[in-house]
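Given next are the chains, with one letter for each unit.
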Amino acid sequence: MNKRVTYTQHYLSEALISLMAEKDYASITIRNIVEKAGVNRSTFYLHYYDKDDLLNQTASGILTALRSAMRNPSYTHESARKEYEESGKPISSAVALFEHIRQHAAFYTIMMNVKDFPVQLDQVIKSELLAFTTDALQASFSSGGMMGLIYYWLNHQMQETAEEMALWLTRAALYPLNRPEA
């Protein structure tokens, strides 16, 4: 994909998210989006069928990036515990997860209140957690906790750093009943 297409799609996505912060999604028009993005209407239709398509493609792209953040760098429970006990460092993929959320905070803040998105996010988190366990109940429980942390962080204006959130998650994941302090 060439840079111009990538930039155009980025500006259209950013315009939609910005408008969703200002007003109800149902009242947003294509005209509002293209004016905010600084492109013409025909350019919009070169990339998207309608605003729902724009929203769906934006969400899909961000969730794909989330999957990547959760996978890289990978870890094992044993290596994460050893690293935490030796240096007090959080699980590096947990840092990547919260860095991703911070980078897309405006999107997540809005989308966590859009009916289908939290379900999609939960499914992505669960599917990535299943790479570390075959226990679907454990993955579901852990996903629910991670969703709660994401909600908390966004609703408290991300006062903690991504590393602080990852450290909290690391302690909860490695020592669910007794969290040693670093």
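For the structure itself, consult the block above.
Values in this document were obtained by computation on a predicted structure and should not be read as measured data.

Caption draft 1: Representation of the environment of Met-158 in the model. Assignment of secondary structure puts Met-158 in the loop between α9 (136–155) and α10 (162–174). On the accessibility criterion, Met-158 (23% relative accessible area) is partly exposed. If sequence neighbours within four positions are ignored, Met-158 has contacts with Arg-102, Ala-105 and Trp-153.

Caption draft 2: Seen up close, the packing of helix α8 (residues 117–129) against α9. Closest axis-to-axis distance for the α8/α9 pair is 9 Å, and the angle between their directions is 130°. By the angle between their axes, α8 is oblique relative to α9. Regarding α8 and α9, the two cross each other, and that crossing is right-handed. When α8 is examined against α9, the residues Pro-118, Leu-121, Asp-122, Ile-125, Lys-126 and Leu-129 are found in contact with a partner set consisting of Ala-139, Ser-140, Ser-142, Ser-143, Gly-144, Met-146, Met-147, Ile-150 and Tyr-151. Looking at the contact of α8 with α9 residue by residue, the class counts come to 9 nonpolar, 4 polar and 2 charged.

Caption draft 3: Region of the structure containing the layout of surface pockets. Roughly 730 Å³ of volume is contained in the largest pocket. If you go around the largest pocket, you meet 24 residues; those closest to its centre are Leu-129, Ser-142, Leu-169, Ala-172 and Ala-173. Within the residue set of the lining of the largest pocket, elements represented by two or more residues are α6 (92–103), α9 and α10. The leading source of residues in the lining of the largest pocket is α9, at 7 residues. Classifying every residue of the lining of the largest pocket by side-chain character gives 17 nonpolar, 7 polar and no charged. In this structure, the second largest pocket spans a volume of roughly 480 Å³. Around the second largest pocket, the lining is made up of 18 residues, and of these His-10, Ser-13, Glu-14, Thr-58 and Ile-62 lie nearest the centre. Of all elements in the fold, only α1 (3–22), α4 (51–71) and α7 (105–111) reach the threshold of two or more residues within the lining of the second largest pocket.

About the thresholds
- Residues numbered from 1 in each chain as written.
- Predicted model: local features only at pLDDT ≥ 70, side-chain atom pairs only at ≥ 80, totals over all residues.
- Heavy atoms only, no water.
- Helix = DSSP H or I, 4+ residues; strand = E, 2+ residues; numbered from the N terminus.
- Buried < 20%, exposed > 50% of the residue type's maximum accessible area, 1.4 Å probe, protein only.
- Contact = heavy atoms within 4.5 Å.
- Axes fitted to C-alpha atoms, helices over the stretch in contact; angles between N-to-C directions.
- Parallel < 35°, antiparallel > 145°, perpendicular 65-115°, else oblique.
- Left-handed = near helix turned anticlockwise from the far one by under 90°.
- Nonpolar A, V, L, I, M, F, W, Y, C, P; charged D, E, K, R; others polar.
- 1 Å grid on protein atoms, 1.4 Å probe; cavity = no way out; pocket = protein on both sides within 12 Å on 5 of 7 lines; lining within 4 Å.
- Points joined across faces, edges and corners; volume = space filled by probe spheres on them.

Function cannot be inferred from these measures alone, as they are strictly geometric.
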